[in-house]
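What the coordinates show
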Amino acid sequence: MTRYLVGQIFSFLVTLWVVLTLVFLGMRALPGDAATILGGMDANAEQIAVIRERLGLAGSLAVQYSDFMGGIVQGDLGDSLRERRPVTAVLLDRLPVTLALAGMAFVLSLVIGIGLGLLAGLAPGSIIDRFTTLFATAALALPEFWFGFLLILLFAVNLGWFPVLGLPPSGLSWQASWHLLLPAFTLALPRSAQVARLTRAQVLEQRMSDYVRTARSKGLHPRGVTRHIAANALPGVLPLLALELGGLLTGTIVVEQVFGLPGLGATILGGISARDYPVVQGVTVLAVAVYIGVNWIADLLQAVADPRLRTV
Amino acid sequence: MTRVRFGAVLFAIVLLSTVLAPILRPVDPLEPNYRSTYAGVSAEHPLGTDRLGRDVLSRALAGGRVSLTIALSATALTILLGGALGSVAATVGGAVDTALSRFFDALLAFPGFLLVLLVVAMLGGGAAQTVLALGVAGSPIYFRLARSYARSELRSEYVTAAIALGASRPRQMIRHALPNFVGSILVQGASTAATFLLVEASLSYLGLGVPLPTPSWGNVLQESRAFLTRQPWAAVGPGLFLAAASLSFQFVADGMRDKLDRRS
Amino acid sequence: MELAKRSLSRRSLAFALAAAIVGTLLGTASAQTITMAMAAQPDTLDPQVTSATAAFQVSKSIYDTLVEVDRNGDIVPALAQSYEVAEDSLSYTFHLTEATFHDGTALDAQDVVATLQRMLDPETASPKLSEFAAITGVEATDDRTVVVSLSQPAPALIASLASGWGAILPSEKIESGHDFGNQPVGTGPFAFVEWQRDNSVTLNAFADYYQGAPQVDQVVIRFVPDSAVQLQGLTTGEFDVIDTVASADQATIESNADLALVRDPSGLALVAAINTRREALADPRVRQAFNHAVDSQTVLDVAYGGGTPIGTFMEAGSPWMPDSIEPFAYDPERAQELLNEAGASGLSLDMALPQPYENHIQAGQMIQDYLSDVGVSAEIRIVEWGVWLSDVYGGAHDYDLTVIGHTGKLDPTGRLDGYATEADNYPGFDDPEMAAWLESGSQETDPDARRQVYTNVLQRMHDGAPFIYIGTPDRVHARKASLEGFWITPMLDSFDFRTAHFE
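Residues numbered from 1 in each chain as written. Chains lettered and ligands numbered in written order. Predicted model: local features only at pLDDT ≥ 70, side-chain atom pairs only at ≥ 80, totals over all residues.

1. A word on the overall build of chain A
Per the secondary structure count, chain A includes 13 helices and 0 strands. Taken from N to C terminus, the helices and strands of chain A fall in the order α-α-α-α-α-α-α-α-α-α-α-α-α. Along the three orthogonal principal directions, the C-alpha set of chain A runs to about 85 × 60 × 30 Å. The buried share of chain A, taken over its 312 residues, is 46%. The contacts of chain A with a sequence gap of at least 6 include a subset with a gap of at least 24, amounting to 73%. (Helix = DSSP H or I, 4+ residues; strand = E, 2+ residues; numbered from the N terminus. Buried ≥ 20, exposed ≤ 12 C-beta atoms within 10 Å, placed from the backbone. Contact = placed C-beta atoms within 7 Å.)

2. Quick word on the interface of chain A and chain C
Counting from both sides, the interface comprises 33 residues of chain A and, opposite them, 39 residues of chain C. Mapped onto the side of chain A that touches chain C, the elements with two or more residues apiece are α2 (34–39), α3 (45–54) and α12 (264–273) of chain A. Considered class by class, the residues forming the side of chain A that touches chain C number 15 nonpolar, 11 polar and 7 charged. (Nonpolar A, V, L, I, M, F, W, Y, C, P; charged D, E, K, R; others polar.)

3. As for unusual backbone geometry
All names here are of chain C. A positive phi angle, near 55°, is found at Ala125, a position not held by glycine. Among the structural elements, Ala125 can be located in the loop between α3 (109–120) and β6 (135–142). C-beta crowding within 10 Å serves as the criterion here: with 22 such atoms nearby, Ala125 is assigned to the buried category.

4. Side note on the nonpolar core
Counting residues in each nonpolar core, the largest one holds 307 residues, and the members touching the most others are Val116 of chain B together with Val271, Ala272, Ile367 and Ile468 of chain C. The element best represented in this core is helix α3 (residues 56–92) of chain B, accounting for 14 residues. With near-sequence residues (within four places) excluded, Val116 of chain B lies in contact with Ala133, Leu134, Ala137, Val199 and Leu203 of chain B. (Core = buried A, V, L, I, M, F, W, Y, C linked by C-beta atoms within 7 Å.)

5. Observations regarding α3 of chain A
Residue and element names in this part refer to chain A. For α3, the full list of buried residues reads Gln47, Ile48, Val50 and Ile51. Axial view of α3: buried residues confined to an arc of 155°, hence all on one face. As for α3, its buried residues are in contact with α2. In the stretch just after α3, Gly56 is the one whose phi turns positive, near 75°. (Arc of directions from axis to C-beta.)

6. What about the interface of chain A and chain B?
The interface of chain A with chain B comprises 34 residues on the first partner and 30 residues on the second. Split into classes, the residues belonging to the side of chain A that touches chain B amount to 25 nonpolar, 8 polar and 1 charged.

7. Regarding the sheet that holds β6 of chain C
All names here are of chain C. An order of β4-β5-β7-β6 is seen for the 4 strands of this open sheet, with the pairing classed as antiparallel. The sheet terminates laterally at β4 (80–85) and β6, the two strands that pair on one side only. Going from strand to strand, the sheet's axes swing by 20° on average, the running direction of each strand aside. The pairing of strand β5 (residues 91–96) with strand β7 (residues 145–150) spans 5 bridges and is classified as antiparallel. Bridge pairing in β7 places Phe94 opposite Val146. Packing against the sheet, α3 makes contact with β5, β6 and β7, and its axis sits at approximately 165° to β6. (Pairing = 2+ DSSP bridges. Axes fitted to C-alpha atoms, helices over the stretch in contact; angles between N-to-C directions.)

8. Considerations on the packing of helix α5 (residues 87–122) of chain A against helix α6 (residues 127–141) of chain A
Residues and elements named next belong to chain A. In the contact formed by α5 and α6, the axes pass within 8 Å of each other and the chain directions differ by 135°. Of the possible angle classes, the one that applies to α5 and α6 is oblique. Crossing of α5 against α6: the hand is left-handed. Contacts between α5 and α6 pair Leu116, Gly117, Leu119 and Ala120 from the former with Ile128, Asp129, Thr132 and Phe135 from the latter. When grouped by side-chain class, the residues that make up the contact of α5 with α6 number 5 nonpolar, 2 polar and 1 charged. (Parallel < 35°, antiparallel > 145°, perpendicular 65-115°, else oblique. Left-handed = near helix turned anticlockwise from the far one by under 90°.)

Right under this line is the structure:
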């Protein structure tokens, strides 16, 4: 177990290092830098050189790289070149919006997906089962941002039930949940399709299993059987749910853009176009760490759910 | 089975309409008409016009050609890349196998959309860049698939028998092992194509994909966002095409997967 | 009909409900807030380290300058109630008024000294540093008097001091290294409360404002890039004023009695730069032909929502625009003649357009279309803003044609300096005679002589045509009809809420 953990941590660190090095080099390979952008059309070459110096972009690539890696080791992501404050502060500002959106989407996909999956699996061949199968395919094929357009057109523009704009001016508060509902639903739809699909498969599998047959033949009340099936089917869905959570953090990028939400998606897109290297690096570190962490949890859950995979 | 057929028919319709667009709808997708901007639905313009007065329907059809080409070539690239390297890893084994497996594991440990986004941002937007980014990002699945198939096939009896009969390893790979996993790779390929279609559109929507004025489904939709309330058909129409194309791939993939499952 | 009525009443019910909830939440019905939607967002609120118009549009409410621009575009006293220029034009003496910073400290001469020194400090790395380069010393002769000495006459200095980057900061905060970018402190009519990036800036009325407290309690500026969403918010009452109106929406707003459409000339000079370094584009006749080939009024109407064509490198409303210079007429035949004369045929050009500037991209597509009518083909290449700045505008000037707007400058030196020397300007325009004029113009203190110098320069810019001159777009903004007293500073395009109030 310890060896396994050490191995995992080691491979995580190597992955992170490779990714950060690539992002570091890739961002700097782009034409233009934060100094040219801050200088705009008015600054001449000399002034841009001064700004570059001031932003710490004048040193050689090797020096910048060792500064950056040295900072990372100490948990310091550096300062945003555009916002001129620590990247951690920038991330802490934006993370709650993305987390709120991802959290709402997660809950929605859970409710819709497990609900449909259970109903379909318990009554194979029924209308609701056919609907679920169709839904599971169609929802995956919908372009997310386009679906967002449709929701905006229908519910915000024509019916006027929802605000057209991302967040209330006060930012995140309980009021904001109303603003977040449409984007969360947009984000949840394809994910609920996957959950529904897997839940249905798990339920069907349980129905076929011996204990259900035994319970039925012994005359157990159908409701009791159903409860049994559900209780045994749901753990099998858990790993997928964990994976979804990992995907949600970056899945929000497009949806944030459609609904004008000031989350991590806006931060990384803005960071790329403003050549704000530390911010792009910071969001990448965060996204990769969360993604890998959640994948671990998924693996663990898988092992718990399926004892055959328990190797240690 | 009906799903596969439905998917195939739907795909044929979308494909034919985009390929035959110049004949079916001989309106230049780039020709502006400043006197008829944001026109609504009419006989002349079934999906209206955009802010430069260009015909949205012909833009959607022309955009389909670009988007489908990108999604399909990226799918081909990703299958070739992952499949070839996976087969190589399994056949050669040893350090090559370890190195390749490590590399693709690392790639898989990266949130897919963020990877594509970063790669495209760094290469600069464009059709070729998008194909490359998608091709790389999608390859780990095929690497794993190809590698595990190849390994199990290499261990199987008929291959052992063939080797005993004096056949060389690579030849065995191609002769015996390959045809057996082509089927599953194609199933996976159809669902990858559906995903790529959506990812390409998302990239173009974020302004990182195919640059204007060349229309693609993504950038036509991106432009339409600015006048969503004024001319909703410019967003709804091209989006329906995109959804239909993606749906057709998805149907084919799901139908074929069920078929394969049932057979095994 | 029946259906429409029902959905309407349901909506009004929802509104009443929402209003009731919001009302209870705020607890006060009397507090007056103006909510504005603007498309761009500041990069920082530190006025000395940015060149972004959006930053100055917001910071205008937070800071004051020594002198400022009034509604007519004239420079009038502000924090300096008066100033004198020395006989030799080598020093300016400013007499300060009584004012208070938001942190409670009183304005004194030391604040002005510290502010200007911060601007001149290379550590600050201000992109506007060159506008202050003539300053050799700043001195407080007493509490309320500041003397600025210059190495050479600099008639443009007053314009720089009236611009957003001339904002006066408190000296104590400067010394302590305060983060003005995220926590701005000034003497302005509104004090900074909060900035939620990509969402909103909140400002509260400053009761001790030296010109008297503003008439509303709060200003909330929302960042809404999408013009359709801005309009939606204006009609539903979420916004009181919006800064971006698409041309297609102008009629809708004009027909709505609750809304008002305001059309002012902006301070922009929109141009399509022509890279004169290219052999095919070196002949002025080719460049004049391009100017005749493009219907600039239509480009302005379709891509920018209306405006005034220009015939030289100066915005239409500027007092420096000579009456004698007419815009190029839209005349494809004349364009064809000029191209034939120059022996240019089968031109194939590279047009770089800056993302995310939708208007310029649209204008570029239109220009491409117009040029194709006279047999000139152009391939569009969309480049990111950072790439545009470093490779098109600067660096190797990798482009044949590009579309951009040059922001308003109160003094012509800011616009024109460098445009006569190949190495200093992106179209690569080179004219030694014009260079000499510009040199004299930057130091000429006699107003009439100075005007003549710049008229000559602008005439040369017209004839040499290093640009396809498009024009000055109207700055069209829309507001609730009940909102009065809001205005946008001429030339600088910044937002002024000082007299804004609801009728």
